[in-house]
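A structural walkthrough
Read off the chains here:
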Amino acid sequence: MAKKTVVSFRLNQADVDVLVEPRELLIHTLRDKLDHTGPHIGCETSHCGACTVDLDGMSVKSCTVLTVQCADLDVLTIEGFAKGGQLHALQEGFMQEHGLQCGFCTPGMITRAYRLLQEIPDPTEEDIRYWMSGNLCRCTGYQNIVKAIQYAAAKLRGEVVETSHPMMAEVTV
Ligand code: FES
Ligand code: FES
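These notes cover the structure that comes with them. (Residues numbered from 1 in each chain as written. Chains lettered and ligands numbered in written order. Predicted model: local features only at pLDDT ≥ 70, side-chain atom pairs only at ≥ 80, totals over all residues. Heavy atoms only, no water.)

Regarding the packing of helix α2 (residues 89-96) against helix α3 (residues 106-119)
Spelled out, the test is: Each axis is a line fitted through C-alpha atoms, and for a helix only the stretch in contact is used; angles between axes span 0 to 180 degrees, taken between their N-to-C directions. Helix and strand assignments follow DSSP, with helices taken as H or I runs no shorter than four residues and strands as E runs no shorter than two, numbered in order from the N terminus. Note on angle classes: values under 35 degrees are labelled roughly parallel, values over 145 roughly antiparallel, values of 65 to 115 roughly perpendicular, and the remainder oblique. Crossing handedness: left-handed means the near helix sits turned counterclockwise from the far one by under a right angle, and right-handed means the same turn made clockwise. Contacts are assigned to residue pairs that have any heavy atoms within 4.5 Å of one another. Gly is placed with the polar residues, together with every amino acid not listed as nonpolar (Ala, Val, Leu, Ile, Met, Phe, Trp, Tyr, Cys and Pro) or charged (Asp, Glu, Lys and Arg).
One way to put it is that α2 packs onto α3 with a least axis distance of 10 Å and a crossing angle of 125 degrees. Judged on the interaxial angle alone, α3 and α2 are oblique. The crossing of α2 and α3 is right-handed. Packed against α2, whose contacting residues are Leu90, Gln91 and Phe94, the element α3 presents Thr106, Met109, Ile110, Ala113, Tyr114 and Leu117 at the interface. Each residue belonging to the contact of α2 with α3 can be placed in one class, and the counts come to seven nonpolar, two polar and no charged.

Re helix α1 (residues 26-33)
Put simply, the test is: Between buried and exposed lies partly exposed: a residue is buried under 20% and exposed over 50% of the maximum accessible area for its type, with that area taken using a 1.4 Å probe on protein chains only.
All of the buried residues along α1 are Leu26, Ile27, Thr29 and Leu30. Its buried side turned inward, α1 meets β1 (5-11), β2 (14-20) and β3 (52-55). Among the residues trailing α1, aspartate 35 stands out with phi positive, at a value near 55 degrees.

Brief notes about the packing of aromatic side chains
Selection criterion: Only Phe, Tyr and Trp rings take part, Trp by its six-membered ring, and two of them pair if their centres are within 6.5 Å. Stacked means planes under 30 degrees apart, edge-to-face means over 60, and tilted covers everything else.
Counted under the stated rule, the structure contains one aromatic pair. When the ring of phenylalanine 81 is compared with that of tyrosine 114, the centres are 5.4 Å apart and the planes differ by 85 degrees; the resulting orientation is edge-to-face. With phenylalanine 81 in the loop between β5 (74-76) and α2 and tyrosine 114 in helix α3, this pair connects stretches of sequence that are 33 residues apart.

Quick notes on the sheet that holds β3
Applied cut-off: Here the rule is simple: two strands pair whenever DSSP picks up at least two bridges between them.
Read from one edge of the open sheet, five strands run β2-β1-β5-β3-β4, paired in mixed fashion. The sheet terminates laterally at β2 and β4 (58-61), the two strands that pair on one side only. Sheet twist, expressed as the average angle between the axes of neighbouring strands with direction ignored, equals 40 degrees. Here two bridges tie β1 to β5, and the two strands are oriented parallel to one another. Within β5, the residue paired with leucine 11 across the bridge is valine 75. Along the sheet, α1 makes contact with β1, β2 and β3, crossing β2 at roughly 105 degrees. Along the sheet, α3 makes contact with β3, β4 and β5, crossing β3 at roughly 35 degrees.

As for helix α5 (residues 143-156)
Working note: α-helix, 3.6 residues per turn, so residues spaced by three or four point in the same direction. To keep it simple, the criterion reads: One fewer than the residue count of a helix, multiplied by 1.5 Å, yields its expected span.
Between its first and last C-alpha, α5 extends 20 Å over 14 residues, near the 20 Å set by a 1.5 Å rise per residue. Among all positions of α5, only Asn144, Ile145, Val146, Ala148, Ile149, Tyr151, Ala152, Ala153 and Ala154 are buried. Buried-residue contacts for α5 involve α2, α3 and α4 (125-131). One or two residues past the end of α5 sits glycine 158, with phi positive at roughly 90 degrees.

Section: the pairing of β4
The pairing of β3 with β4 spans four bridges and is classified as antiparallel. Across the sheet, aspartate 54 pairs through a bridge with serine 59, a residue of β4. Counting the residues that bridge the hairpin from β3 to β4 gives two residues, and of these aspartate 56 lies at a positive phi of roughly 50 degrees.

Considerations on the pattern of salt bridges
Spelled out, the test is: Salt bridges are defined by distance alone: a side-chain nitrogen of Lys or Arg within 4 Å of a carboxyl oxygen of Asp or Glu.
Using the criterion set out here, one finds nine salt bridges in the structure. In this structure, arginine 23 and glutamate 21 form a salt bridge, with 2.9 Å as the shortest nitrogen-oxygen distance. For arginine 23, a relative accessible area of 64% translates into the label exposed. A salt bridge links lysine 155 to glutamate 92; the nearest nitrogen and oxygen atoms lie 2.7 Å apart. With lysine 155 in helix α5 and glutamate 92 in helix α2, this pair connects stretches of sequence that are 63 residues apart. One network of salt bridges, in which partners are shared, links Asp54, Arg115 and Glu119.

Here it is in structure tokens:
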């Protein structure tokens, strides 16, 4: 067994130190040692994106990153999005536009969409579909995920937003 080392990084703006073997994947460290179980594991071939986190300003699939590679970096997971009980615009958008069903892909989807909106605040539908192509969903057919991201983009630009989903129109946030 390889020698374990302590790795220090920032997780959702809090300092963490964790003892890991060099082979340990970031997704396992997050889920099994740091109780951040929002990022999920949906494959072993780097396709599904359920494990997506933001690592120092980049979307990464945390099943393809070793924890030792994260020393001194900033890691953002879905658990870091809501502030003071207030949902992030993307979380609100996914709820209002019914952009999730089973919810398994949702943490990765929202974290990837966050990076998209940092880079392109006013994305076209084509931009959204292209940028989100590393994240697979078995439930929604993607259509409402596109609308959820458009909702969040508009809200973050300061525009007045309303759900386009008839069943969600009655829900207040
Ligand atoms: S678990 Fe599927 S890409 Fe990471
Ligand atoms: S909501 Fe079920 S996989 Fe996306």
